[in-house]
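Residue strings, one per chain:
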Amino acid sequence: MKHISLSAPLYTGTIRSLSAGDQVVLQGDIYTARDAAHKRLCELLATGKELPLDLRNQVIYYVGPTPAKPGAVIGSAGPTTSYRMDPYAPELISRCGLAAMIGKGDRSDAVVDAMKTHGAVYFAAVGGAAALISQSIVAAEIVAYPDLGPEAIRKLTLRDMPLIVAIDSQGKSLYT
Amino acid sequence: MRMLSRDQVVSAVRNLCLEAARYLPADVLARMEKYAHAEKNFRGRAILEQCIENARIAAEKKLPICQDTGFAVLFVEMGTACCLDEGSVEEACQEGVRRGYTEGYLRKSIVHDPLFDRVNTNDNTPAVIHLRSVPGKSLRIVLAPKGGGSENMSRTAMLKPADGVEGVRDFVFRTVVEAGGNPCPPTIVGVGLGGTLEQCCLMAKKSLLRPVGTPHEDPRYARLEQELLEQINSSGVGPQGLGGRTTALAVHITPYPCHIAQLPVAVNLNCHAARHAEVTL
């Protein structure tokens with residue numbers, strides 16, 4: 001089985017070339033955000049304020065890692081369930097240019113519609129494989145909302161994170 | 001009367017938190033390996049192999065198996081002939097959880113208030129503690145940290161007695177299939193039957209602690225468990241909801257006496273990281 005090597009940020013041409021079922025290894029810089037961070041970002045958008053980070057062509061990983069042990073970059077870092085971010089994701093795709101999301105489990109029709117219109121992709125990581133995935137994170141720093149603890153927004157630098165294209169930019173999905 | 005020290009209980013619970021987070025129980029791992037060999041879907045098999053590799057890395061590097069180190073759920077059986085030198089067993093368990101999660105670099109996932117004030121308590125307390133009094137001089141503590149993803153997909157229904165076996169079968173099957181990839185399949189499906197609403201849910205959760213795949217001692221329930229497992233694994237959901245046969249590793253049913261007017265059923269799903277650890281003092 002061929003693994004496609006991708007480097008974040010991700011651009012439209014690359015995203016449109018991916019198909020559901022493709023196995024990917026991802027490099028580069030991505031951002032973490034989960035429930036509480038999404039709520040804050042969308043509240044800023046609703047009131048017309050500037051976001052603490054530019055999401056254009058970026059990848060968001062739905063993860064709340066365990067704290068790093070002394071000397072470690074990060075703790076265990078597997079994906080959290082994506083459907084809880086469904087109320088927020090269409091806004092981030094359509095208004096902020098978010099290119100890709102990494103999580104686990106199916107997405108709502110509204111998210112898939114936004115992905116099709118704006119050319120975004122949804123990757124699945126293996127839920128629970130948090131120790132394994134942590135081995136592909138080489139750097140991590142908090143860039144916003146440190147008060148949210150595990151839900152703070154972090155920038156992660158990746159080396160060969162294993163992913164599967166679960167829903168592609170044409171709306172084709174592996175979930176039945 | 002046997003006197004146990006509070007410190008001994010605190011330290012035992014602290015260690016259970018670390019053990020449960022890092023080491024996948026041998027019965028769960030063996031079951032996953034068996035299913036990985038049998039899985040014909042290439043993607044499903046690759047996912048199961050990642051789960052097995054993950055358990056190996058976690059144990060070797062002393063890392064949590066999953067970043068969601070869970071809500072600490074404790075089942076405590078306190079012998080009537082033993083007591084603590086100071087405070088209550090519940091208080092000692094809470095302190096043990098506090099120390100385990102903070103000193104062990106485990107994720108703190110508990111907020112103060114569910115609706116208005118979702119501020120992290122920063123030490124993963126309070127734990128949920130189920131305390132029972134039993135004969136004897138021992139204190140037995142089972143810690144089963146419960147992740148949010150699979151717990152969210154759990155369901156309960158107050159069926160009519162007339163709904164019978166088919167009603168139960170249909171509810172359990174629908175719950176697992178509708179959960180899809182969200183609870184991190186392959187799951188362990190804990191089913192509580194009977195009791196009151198809350199007892200039924202407790203039975204479902206306790207079902208998750210049974211050694212994986214050991215059949216119920218009543219052959220009628222054992223058959224229903226096996227039939228449900230086959231039906232669930234024919235659904236096509238598969239590992240992570242991405243297709244294949246391995247949707248569940250086991251179905252465990254725990255019945256309890258119930259009211260003539262009722263047939264409660266609760267389904268508590270556990271992800272493949274079916275963590276638990278126990279100690280007897």
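To be clear, the structure that these remarks concern was listed above.
Just so you know, these numbers come straight off a predicted model, no measurement behind them.

**With respect to the sheet that holds strand 8 (residues 248–256) of chain B**
Residues and elements named next belong to chain B.
Reasoning step 1: Strand order in the open sheet made by the four strands is 6-9-7-8, with mixed pairing throughout. Each edge of the sheet is formed by a strand with only one pairing partner; in this case those strands are strand 6 (155–159) and strand 8. Here the average twist between neighbouring strands, direction ignored, is 15 degrees.
Reasoning step 2: Taken together, the five bridges between strand 6 and strand 9 (residues 263–270) define a ladder with antiparallel strand orientation. Paired with L159 across the bridge in strand 9 is L263.
Reasoning step 3: Helix 7 (residues 197–207) contacts strand 6, strand 7 (187–194), strand 8 and strand 9 of the sheet and is inclined by roughly 145 degrees relative to strand 7.
Reasoning step 4: In this fold helix 8 (residues 219–233) packs onto strand 7 and strand 8, with an angle of close to 145 degrees to the strand it touches most, strand 8.

**Digging into the packing of helix 2 (residues 35–46) of chain A against helix 3 (residues 89–96) of chain A**
Residue and element names in this part refer to chain A.
Reasoning step 1: Where helix 2 contacts helix 3, the axes come no closer than 10 Å and their chain directions differ by 50 degrees. Considered as vectors, helix 2 and helix 3 are oriented oblique to each other. The chirality of how helix 2 crosses helix 3 is left-handed. Side by side, helix 2 and helix 3 meet where H38, L41, C42 and L45 of the first sit next to E91, L92, R95 and C96 of the second.
Reasoning step 2: Residue composition of the contact of helix 2 with helix 3, by class: five nonpolar, one polar and two charged.

**Description of unusual backbone geometry**
A negative phi holds for most residues other than glycine; trans holds for most peptide bonds.
Reasoning step 1: Cis geometry marks the peptide bond from A8(A) to P9(A); its omega dihedral reads 0 degrees.
Reasoning step 2: Note on placement: P9(A) falls in the loop between strand 1 (3–8) and helix 1 (12–16).
Reasoning step 3: The omega torsion of the bond from P185(B) to P186(B) falls at 10 degrees, within 30 degrees of zero and hence cis.
Reasoning step 4: Structurally, the position occupied by P186(B) is in the loop between helix 6 (164–179) and strand 7.
Reasoning step 5: Phi angles above zero are rare outside glycine, and Y145(A) is one such case at about 55 degrees.
Reasoning step 6: Following the sequence through the fold, Y145(A) ends up in the loop between strand 6 (137–144) and strand 7 (153–167).
Reasoning step 7: Positive phi outside glycine occurs at Q240(B), with the angle close to 65 degrees.

**A few points about the side chain of R210(B)**
Residue and element names in this part refer to chain B.
Reasoning step 1: Turning to its location among the elements, R210 is positioned in the loop between helix 7 and helix 8.
Reasoning step 2: On the basis of relative accessibility, which here comes to 17%, the residue R210 falls in the buried class.
Reasoning step 3: What R210 contacts, discounting residues up to four positions off in sequence, is D27, P215, H216, E225, H252, I253 and T254.

**Details of the nonpolar core**
Reasoning step 1: The biggest cluster of nonpolar side chains holds 112 residues, and the ones touching the most others in it are I102(A), F123(A) and V189(B).
Reasoning step 2: By residue number, the principal contributor to this core is strand 7 of chain A, which donates nine residues.
Reasoning step 3: Apart from residues lying up to four places away in sequence, F123(A) is in contact with L6(A), L10(A), L18(A), V24(A), A100(A), M101(A), I102(A), G103(A), L163(A), I164(A), V165(A) and A166(A).
Reasoning step 4: Among the nonpolar cores identified, the runner-up in size contains 29 residues, and A21(B), L84(B), A127(B) and I129(B) belong to it.

Reading the values: the criteria
Residues numbered from 1 in each chain as written. Chains lettered and ligands numbered in written order. Predicted model: local features only at pLDDT ≥ 70, side-chain atom pairs only at ≥ 80, totals over all residues. Heavy atoms only, no water. Pairing = 2+ DSSP bridges. Helix = DSSP H or I, 4+ residues; strand = E, 2+ residues; numbered from the N terminus. Axes fitted to C-alpha atoms, helices over the stretch in contact; angles between N-to-C directions. Contact = heavy atoms within 4.5 Å. Parallel < 35°, antiparallel > 145°, perpendicular 65-115°, else oblique. Left-handed = near helix turned anticlockwise from the far one by under 90°. Nonpolar A, V, L, I, M, F, W, Y, C, P; charged D, E, K, R; others polar. Buried < 20%, exposed > 50% of the residue type's maximum accessible area, 1.4 Å probe, protein only. Core = buried A, V, L, I, M, F, W, Y, C linked by side-chain atoms within 4.5 Å.

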